[in-house]
Amino acid sequence: KCVTMTSTSNSASPAAAAGDTQKKQGGYGKIKTHKESKLSQLSRLDEVFAALTLLYVKPLTSNLKSEYIRSQFDMSSLMFCDEILGKVSRSFAAVIRQLPDKLLVDVLIFYLVLRALDTVEDDMKAFPSNDVKIGHLKKFHLTALGDPRFSMDGVGEADERRLLQEFPKCHSVYASLRPESREVISDITQRMANGMAEFVDKDLGQGTVNVQEYNRYCHFVAGLVGEGLSRLFSASGLEKPDLVNELHLSDQMGLFLQKTNIIRDYLEDYVDGRAFWPQSIWKKYSKSGDLGYFTKQPEHEVAALSCLNELVTDALELVPDCLKYLSMLKCDEVFRFCAIPQVMAIATLDKCYNNANVFTGVVKIRKGLSCKLILSTNNLDEVHETFFNFAKSVRDKSLSTPTDPSQKRTLDACNEIMRLTANYKRNVSGLGTIMAVMTSVFSGYYLMAHFGSDTLQLLSTHTDLAVFALFIGSFIYLITIRSIYIEPQYNESYAKKIN
């Protein structure tokens, strides 16, 4: 789980929620995904504009075919690595490809090596015993990175299996990296594999034992990734050399992402028999003493939400360190690479907070919102604005649930995030606003040209109604934007209020 979440009529067991696995490894793909309706998504014009902007106007540009990369690497092997990257992680692929060419391939290979290692860890059926799996994990840095012909068959599913089958192509590119990068990748792979091996023999059907073990697991599979990336950033010369000394901040960056995934993937992990919610937390709320107690909805909703909210709060307490790390980055592309997963995580935590759907399926943020967040990671002010807004959203939800046992702790965490981010500069001139103006003008012109003053009486076709809806939606959007940005450029009053 590396960074790379039948019964009575009113309750649903994990088995009842399971669907087509679509050849996904472990519990992934077995659980239904809770999605908003298409109408709900299309009604959010700012997100629609963001999606169109990211798709057609301002996409993340790939630097993979730069002259520097062409001169340094075998392009045939590199194209396989790029292809398989897009297969095993569509979300990370775009942010990796936009990195500067002197860093891009290093991070790409780092990701694929750890994804291959993670595939070995996640496969619960391929190995005859845990001892055999542990042996493969502990020597992975020697076999996969030391033997140009190394490959594995029968491990993992679909594209993850193919990654291991055709791993020599990854090794070919790895062997062409700078010695400093190879050293970082090998070191982190070895340490992560040893950490994974520590957990192979543990019975995780009921989660980790306590918060300390929960944090330890997250450190091995995600915190070490943060450390490795910091070292690669510095080795490339794009970031200051002393970034490698920020081990705690690098670790917290990884833990924030990993804990978000674990919180969101409760049901998938429980079905898979490898859960990570700490018993020292969830047993306070489960009367049966079983982690599956929370799947019975709505009978156990109050207890389930109390447990969920405490775990979300635990993750939110990592945010100040994440913001501090982001503030230290100097390269725009490196900043965006690090910021995009972080804003996605805070948005996911907001979506999960006090949301019973976590216990009946997988909760994900809207695709349009994802596009909007990606476009709002150009600088620290934009990231601060995003964190401020989502922290305020969680805070408002917490205030509406006064009986929640973790309310004070939640409010403290949200207030601290808001205090740290309240002085962001607002970005008034957005591409979405320009597109809204254009949409409003053209749709208004269409309506006037076709119907004049009798528009409402003569709307009859689906096209007419759609254009009318666009006109009204754009107009409302512009009014909303105006009302938001009529405030001062700095949100100083709110900062003082929180302080």
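Remarks on the overall build of the protein
Per the secondary structure count, the protein includes 26 helices and 2 strands. In the protein, buried positions account for 53% of the 499 residues. With an accessible surface of roughly 22,400 Å², the protein has 53% of that area assigned to carbon and sulfur atoms.

Observations concerning the nonpolar core
Membership of the largest hydrophobic core comes to 141 residues, with the highest contact counts inside it found for Ile 109, Leu 112, Phe 256, Trp 277 and Phe 294. Once residues within four sequence positions are removed from consideration, Phe 256 is found in contact with Ala 315, Leu 318, Val 319, Cys 322, Gln 342, Ala 345, Ile 346, Leu 349 and Phe 387.

Details of the packing of aromatic side chains
All chains considered together, the criterion is met by 14 aromatic pairs. Residues Phe 92 and Tyr 111 carry aromatic rings whose centres are separated by 5.6 Å and whose planes lie at 40° to one another, so their mutual orientation is tilted. With Phe 92 in helix α6 (residues 90–97) and Tyr 111 in helix α7 (residues 101–122), this residue pair connects regions lying 19 residues apart in the sequence. You'll find Phe 92 and Tyr 111 in the same group, each marked buried. Relative to Phe 359, the ring of Tyr 266 lies with its centre 5.2 Å away and its plane at 65°, an arrangement referred to as edge-to-face. Linking Tyr 266 in helix α15 (residues 266–272) with Phe 359 in the loop between α19 (332–352) and β2 (362–363), this pair joins segments that are 93 residues apart in sequence. Given a relative accessible area of 2%, Tyr 266 falls into the buried group. Cluster of aromatic residues (ring-pair linked, three or more members): Tyr 266, Tyr 270, Trp 277, Tyr 293, Phe 294 and Phe 359. Residue placement shows Lys 202 over the ring face of Phe 199; its charged tip is 5.5 Å from the ring centre.

A word on helix α14 (residues 247–264)
Helix length check: α14 (18 residues) gives 26 Å between terminal C-alpha atoms against 26 Å at 1.5 Å per residue, within 8%. Here α14 lies mainly inside the structure; 14 of its 18 residues are buried.

Some remarks on the confidence of the model for the protein
Averaged over every residue, the pLDDT of the protein is 86; the share at 70 or more is 84%. Note on residues 3–27: pLDDT is under 50 here. Beyond four places in sequence and across chains, it has 61 contacts. The model gives residues 482–492 a pLDDT under 50, and that stretch makes 20 contacts with residues more than four places away or in other chains.

Describing a nonpolar patch on the surface
Nonpolar side chains collect at one region of the surface, where Leu 52, Leu 55, Tyr 56 and Val 57 lie side by side and expose about 430 Å² of accessible area between them. Relative to the helices and strands, Val 57 is located in helix α3 (residues 45–57). Classification of Val 57 as exposed rests on a relative accessible area of 52%.

Notes on helix α10 (residues 158–165)
Within the span of α10, buried status applies to Glu 160, Leu 163 and Leu 164. Down the axis of α10, the buried set is contained in an arc of 95°. They therefore lie on one face.

Structural notes on the pattern of salt bridges
Under the counting rule described, the total for this entry stands at 29 salt bridges. A salt bridge links Asp 147 to Arg 149; its shortest N-O distance comes to 3.8 Å. The partner of Arg 409 in a salt bridge is Asp 314, with the nearest N and O atoms 3.7 Å apart. Residue Arg 409 is found in helix α22 (residues 407–421), and its partner Asp 314 is found in helix α17 (residues 301–316); the two are separated by 95 residues along the sequence. Look at Asp 314 and you get buried, because its relative accessible area is 9%.

Side note on unusual backbone geometry
The amide bond that connects Gln 297 to the next residue, Pro 298, takes the cis arrangement and shows omega of 10°. Among the structural elements, Pro 298 can be located in the loop between α16 (279–282) and α17. Even without being a glycine, Ala 158 presents a positive backbone phi close to 50°. Residue position: Ala 158 is located in helix α10. Positive phi outside glycine occurs at Asn 354, with the angle close to 55°. Within the secondary structure layout, Asn 354 lies in the loop between α19 and β2. Among the residues examined, Asn 354 registers a relative accessible area of 27% and is labelled partly exposed.

Rules used in this analysis
Residues numbered from 1 in each chain as written. Predicted model: local features only at pLDDT ≥ 70, side-chain atom pairs only at ≥ 80, totals over all residues. Heavy atoms only, no water. Helix = DSSP H or I, 4+ residues; strand = E, 2+ residues; numbered from the N terminus. Buried < 20%, exposed > 50% of the residue type's maximum accessible area, 1.4 Å probe, protein only. Areas by Shrake-Rupley, 256 points an atom, 1.4 Å probe, with all protein chains shown as cover. Core = buried A, V, L, I, M, F, W, Y, C linked by side-chain atoms within 4.5 Å. Contact = heavy atoms within 4.5 Å. Phe/Tyr/Trp six-rings, centres within 6.5 Å; stacked < 30°, edge-to-face > 60°. Lys NZ or Arg CZ within 6 Å of the ring centre and 35° of its normal. Expected span 1.5 Å × (residues − 1). pLDDT = per-residue confidence, 0-100. Patch = residues over 30% accessible without salt bridge, like charges linked within 9 Å, V, L, I, M, F, W, Y side chains within 5 Å. Salt bridge = Lys/Arg side-chain N within 4 Å of Asp/Glu carboxyl O. Arc of directions from axis to C-beta.

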